[in-house]
Amino acid sequence: MIRHRYAAVGTGGRIPMFIDPIADTYRDSCQLVGLCDSSATRRRWHQNRLCSEYGIDSVPDYGVEDFDRMLGETKPDTVIVCVPDYLHHEFIVHSLEFGADVICEKPLTTDADKFAVIDDAVRRTGRSVRTTFNYRWAPGATQVRQLIASGAIGSVKHVDFEYMLNTAHGADYFRRWHSYKELSGGLFVHKSTHHFDLINWWIDSIPETVFAMGSLAFYGRDNAIARGQEPLTRYPRYTGIKESEGDPFRMNLEGDPTLNGLYREAESDSGYIRDENVFRADIDIEDSLSATIRYRSGVIASYSLNAYCPAEGFRVSISGDEGRIEYYERHAAHIITGDRDIKFETNSSRGASLKLQRLFEDSQNIPINMPEGGHGGADPLIQEQMFSPHPPPESLGRNAGHQQGAASLLVGAAGNRSITTGQPVKMMDLFPLSPKATRLSELI
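What you see is a predicted model, and the numbers here were worked out from it, not measured in a lab.

*Asks:* Sorry if this is basic, but what is going on with the layout of surface pockets here?
*Replies:* Left-over empty space is what a probe sized like a water molecule reveals as it rolls over the atoms. Of the voids in this model, the second largest pocket is the one considered here, and its volume is about 310 Å³. Lining the second largest pocket are 16 residues, and of these T110, D111, A413, N416 and R417 sit closest to its centre. When residues of the lining of the second largest pocket are traced back to their parent elements, those giving at least two are α5 (112–125), α8 (181–184) and α15 (402–421). By residue number, the principal contributor to the lining of the second largest pocket is α15, which donates five residues. Residue composition of the lining of the second largest pocket, by class: four nonpolar, four polar and eight charged.

*Asks:* Just to check I follow, could you spell out helix α12 (residues 257–264) for this structure?
*Replies:* Because the α-helix completes a turn every 3.6 residues, residues three or four places apart line up on one side. Among the eight residues in α12, six count as buried, and that is most of the element. Residues of α12 that are buried: T258, L259, N260, G261, L262 and Y263. Regarding α12, its N-cap is D256, as a side-chain oxygen of that residue lies 2.9 Å from the backbone nitrogen of T258 further along.

*Asks:* Is there a simple way to explain the nonpolar core in this structure?
*Replies:* Generally speaking, soluble globular proteins have nonpolar side chains that are buried together. W202 and I318 are the most contacted members of the largest nonpolar core, which has 121 residues in total. When residues in this core are grouped by element, the largest group, seven residues, is from α15. In this structure I318 touches V144, I148, I153, V156, H158, V159, W202, G323, R324 and I325, once residues within four positions along its chain are discounted.

*Asks:* What is the right way to look at the packing of helix α3 (residues 67–74) against helix α4 (residues 88–98) in this model?
*Replies:* Helix packing for two helices is described by the angle between their axes and how far apart those axes are. Running from N to C, α3 and α4 cross one another at 30°; their axes reach a closest spacing of 11 Å. In terms of orientation, α3 and α4 fall into the roughly parallel class. Helix-helix and strand crossings are classified by hand; for α3 and α4 the assignment is right-handed. Side by side, α3 and α4 meet where F67, D68, L71 and G72 of the first sit next to F91, H94, S95 and F98 of the second. Per-class residue counts for the contact of α3 with α4 are four nonpolar, three polar and one charged.

*Asks:* Even after reading the chapter, I still don't get the packing of helix α2 (residues 40–54) against α12, so can you show me in this structure?
*Replies:* The N-to-C vectors of α2 and α12 enclose an angle of 140°; their axes lie 8 Å apart at closest approach. One finds that α2 runs oblique with respect to α12. On α12, the residues touching T41, R42, W45 and H46 of α2 are P257, T258, G261 and L262. Residue composition of the contact of α2 with α12, grouped by class: three nonpolar, four polar and one charged.

*Asks:* Mind showing me how you'd approach the sheet that holds strand β6 (residues 129–132) here?
*Replies:* The pairing of strands in a sheet comes from backbone hydrogen bonds and takes either a parallel or an antiparallel form. Strand order in the open sheet formed by six strands is β3-β2-β1-β4-β5-β6, with parallel pairing between adjacent strands. The sheet is open, and its two edges are formed by β3 (61–62) and β6, each paired on a single side. Direction of pairing for strand β1 (residues 4–9) relative to strand β4 (residues 78–81): parallel, over a ladder of four bridges. Residue pairing in the sheet places A7 in a bridge with V79 of β4. The strands touched by α3 are β1, β2 (30–36), β3 and β4; relative to β2, the strand with the most contacts, the crossing angle is about 155°.

Cut-offs applied
Residues numbered from 1 in each chain as written. Predicted model: local features only at pLDDT ≥ 70, side-chain atom pairs only at ≥ 80, totals over all residues. Heavy atoms only, no water. 1 Å grid on protein atoms, 1.4 Å probe; cavity = no way out; pocket = protein on both sides within 12 Å on 5 of 7 lines; lining within 4 Å. Points joined across faces, edges and corners; volume = space filled by probe spheres on them. Helix = DSSP H or I, 4+ residues; strand = E, 2+ residues; numbered from the N terminus. Nonpolar A, V, L, I, M, F, W, Y, C, P; charged D, E, K, R; others polar. Buried < 20%, exposed > 50% of the residue type's maximum accessible area, 1.4 Å probe, protein only. Polar contact = N/O pair within 3.5 Å; in protein donor to acceptor, adjacent residues only side chain to side chain. Core = buried A, V, L, I, M, F, W, Y, C linked by side-chain atoms within 4.5 Å. Contact = heavy atoms within 4.5 Å. Axes fitted to C-alpha atoms, helices over the stretch in contact; angles between N-to-C directions. Parallel < 35°, antiparallel > 145°, perpendicular 65-115°, else oblique. Left-handed = near helix turned anticlockwise from the far one by under 90°. Pairing = 2+ DSSP bridges.

Read these as layout, nothing more, since geometry by itself doesn't imply function.
If you want it as structure tokens, here you go:
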């Protein structure tokens, strides 16, 4: 068998989701041919890990300045893009123009202008871009989609979605590059793209208008001082600073082998500080967000995100003209990095509940299996779709291309503009995404 050739750019905490199944489960049909990153230390860390865990040979590795050289020398069929969000479009376009397809971690990019560059490159080259929306593959999310598609609640009219990030996972976005809107688009783009995509996919519709509000209400220097917590603002980072010991928001990179190898030891050649103080002065993203969204199909959705909750998970209620679905997930406190999730609680804190109530009938509690694996068991399923030479048939529309990727990131981009202007934003004013289409399933 001729193996499909993959190269990867960006070797931080997310890349193991992609390169590990290539090196292990799908090694007979897939081959990792190149790694590219700004840090040679990170590249070596992954090289050593892949060799020791899976017994594969070392692959060529390159600095980001040699990305085009990597394409020419390794000749990948597909490039996996996991660099910081604001750089996605550059590496996607270079890969497409080389003649490779692309798999891109969500969000596809951070704003409409960058998406326009990607869309133009797809049209010019005829190549494809997959956006990896893991949540679509989680068992509970899949059951919600199946119930709606079956007509169990009739025609959907309204969605309420509340997401809670706790002070482990939520705080982690404020320790690193995600806390600068120029780099991540803020949580409305980087994190909420997961949630906007779920709504889009569940109701099979394209967002039309967004009105949003947001604030930095908990993290940041001023908020800590206002609460009488000025001592927590006195150090720029946590690792190696004795004064930070006892701080409940402290992250010690040297206390975990993955964090130490992937970030602490890579500081000298990457310049990346992974454990910045969450109460420093230069954070410019919001930690409390809400939005109202109108869809082309007429559905109205309300959405909220809070990044400083004592527990983590989400609640969603979906109302139709024949009934209502209520779905709730509880997540263990964790951060996602390296080759695994670093858990702060036992798996007993995980769980889900799903309730269906048709009009004039008693409610039904529907059992849900929550398997092990990243994103509630979703990762192995999407990895099979990406890397298996013969993936199982997919009838629920869970695979997403660049247009469906845009349908969620543009909600976040419109939300950011709405926060700035105080006005509703029509998404067509940002980018003319298939103007004649109504259903998400009409998009690539």
